[in-house]
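Now for the letters of each chain:
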Amino acid sequence: MPKLREQLDLHLLKVLQSLLKEHSVSRTAIRLGMSQPAVSNALRRLREITGDAILLRGKKGMVPTERGQELLRNATEALQAIERISTAAEPHDPALSTRVFNLGAPDYLDGSFIPDIAERVRRQAPQARLVVHPISPDLDYVQALEEGELDVVIGNWLEPPEKLHLARLFDDEVVCMLGRQHPLAQRGLSLQHYLEMPHLAPSVHVSEKQGFIDGCLAEQGISRVVQMVVPYFGLVPGILCRTDMVFTTNRQFAEYYARLLPIAVLPCPVSFPAMRFYQLWHPRTHHAAELLWFRRCIAEAANRLGGTLIPNGAGELTK
């Protein structure tokens, strides 16, 4: 057994943590960029090292053993400790970085914003990997940042979350999108039109929060008629082109698709504050050189959109 313990390296710790989070060999393989046989072999080694099955087959998939649940906590703590130890205060050279950068971002951003970030990462750090994770209602992004599953989260909030560092990226105007075939596409929208017409709306991205649009409407004592809800913003333009619905969103998203499809972008008859977009990160990564560089890439991409570049150039503006 002592010899086996010596074989528990960083790679196996990452596999162990991922298996116990995903409850799946195939999803762990995708998440870590490994083959399924390699993950299965790692699970076999972990079972030998720990003397426990770790995961067992249940009716709805793999389920962790009681010991496995304890191992998840231990593995997470160990990986966090290793990250703290390995974060050296040395000059960072992006060209030599092999880090995996994990970015959480909604899909309603400008269609060129994420590609711009990707281009910068690829050009400056060609050996690094960038994984963009969707923001969904079941994602606890605060915990994901704390546990290192995400490095940075981009989004907009009426009240930015507490206990996280943040940097303002850009402000954007709220507008309405209609298919150009809509009778009001040329006439414009009145407040009465807006409150009576059928609305297309996205699924709420964060489960415990009200969406930005409906939150602002509620503050003004009014509400809209949401006739259809979609999980992905990419579905919105096609639906608008074939229905009589209206979609309320940020101008950059609307104008990006208006250049590609028969979409009309109209001023919104309701007064909304600007949609302020931030990047968020956990205090534990605040001084990490590789992530300072990554956040700077994001800030520079936001500046290209006409947003507010953070004065010190590093994308740092903490609460």
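Shown above is the structure to which this text applies.
Residues numbered from 1 in each chain as written. Predicted model: local features only at pLDDT ≥ 70, side-chain atom pairs only at ≥ 80, totals over all residues. Heavy atoms only, no water.

Undergrad: What's the story with the overall build of the protein in this structure? I'm lost.
TA: Across its full length, the protein holds 13 helices and 12 strands. Out of the 319 residues belonging to the protein, those deemed buried represent 44%. Nonlocal contacts in the protein, meaning residues at least 24 apart in sequence, comprise 76% of its contacts between residues at least 6 apart. With the model as given, the accessible surface of the protein reaches about 16,400 Å², and the carbon-plus-sulfur share is 52%. (Helix = DSSP H or I, 4+ residues; strand = E, 2+ residues; numbered from the N terminus. Buried < 20%, exposed > 50% of the residue type's maximum accessible area, 1.4 Å probe, protein only. Contact = heavy atoms within 4.5 Å. Areas by Shrake-Rupley, 256 points an atom, 1.4 Å probe, with all protein chains shown as cover.)

Undergrad: I keep staring at the sheet that holds strand β3 (residues 100–105) and nothing clicks. Help me out?
TA: By way of backbone hydrogen bonds, the strands of a sheet pair with one another, either parallel or antiparallel. Spatially, the five strands line up as an open sheet ordered β4-β3-β5-β12-β6, and their pairing is mixed. The open sheet has two free edges, formed respectively by β4 (129–134) and β6 (165–172), since each of these has just one partner strand. Taking each pair of neighbouring strands and ignoring which way they run, the sheet shows an average axis angle of 20°. Alignment of β3 against β4, held across six bridges, turns out to be parallel. Paired with Ala 105 across the bridge in β4 is Pro 134. (Pairing = 2+ DSSP bridges. Axes fitted to C-alpha atoms, helices over the stretch in contact; angles between N-to-C directions.)

Undergrad: Sorry if this is basic, but what is going on with the packing of aromatic side chains here?
TA: What characterises a pair of aromatic rings is the spacing of the ring centres plus the angle enclosed by the ring planes. Applying the stated criterion to the full structure yields nine aromatic pairs. Here the aromatic rings of Phe 233 and Phe 253 are separated by 5.5 Å at their centres, their planes lie at 85°, and the arrangement is edge-to-face. With a gap of 20 residues between them, Phe 233 in the loop between β9 (225–230) and α11 (236–240) and Phe 253 in helix α12 (residues 251–258) connect regions that are remote in the sequence. The class of Phe 253 is buried, set by a relative accessible area of 1%. Plain terms: the ring middles of Phe 247 and Phe 253 are 6.3 Å apart, the flat faces sit at 55° to each other, and that makes the pair tilted. Here the two residues Phe 247 and Phe 253 agree in accessibility, since each one is buried. Over the face of the ring belonging to Trp 281 we find Arg 295, whose NZ or CZ atom lies 4.2 Å from the ring centre. (Phe/Tyr/Trp six-rings, centres within 6.5 Å; stacked < 30°, edge-to-face > 60°. Lys NZ or Arg CZ within 6 Å of the ring centre and 35° of its normal.)

Undergrad: Hey, could you run me through the sheet that holds β9 in this one?
TA: Strand order in this open sheet of five strands is β9-β8-β10-β7-β11, and the pairing throughout is mixed. Strands with a single pairing partner mark the edges of an open sheet, and in this sheet they are β9 and β11 (263–267). With direction set aside, neighbouring strand axes in the sheet form an average angle of 35°. Sheet topology places strand β7 (residues 174–179) next to β11; five bridges connect them, and they run antiparallel. Bridge assignment links Val 175 to a residue of β11, and that residue is Pro 267. On the sheet, α12 packs against β7, β10 (246–250) and β11 and is oriented at approximately 120° with respect to β10.

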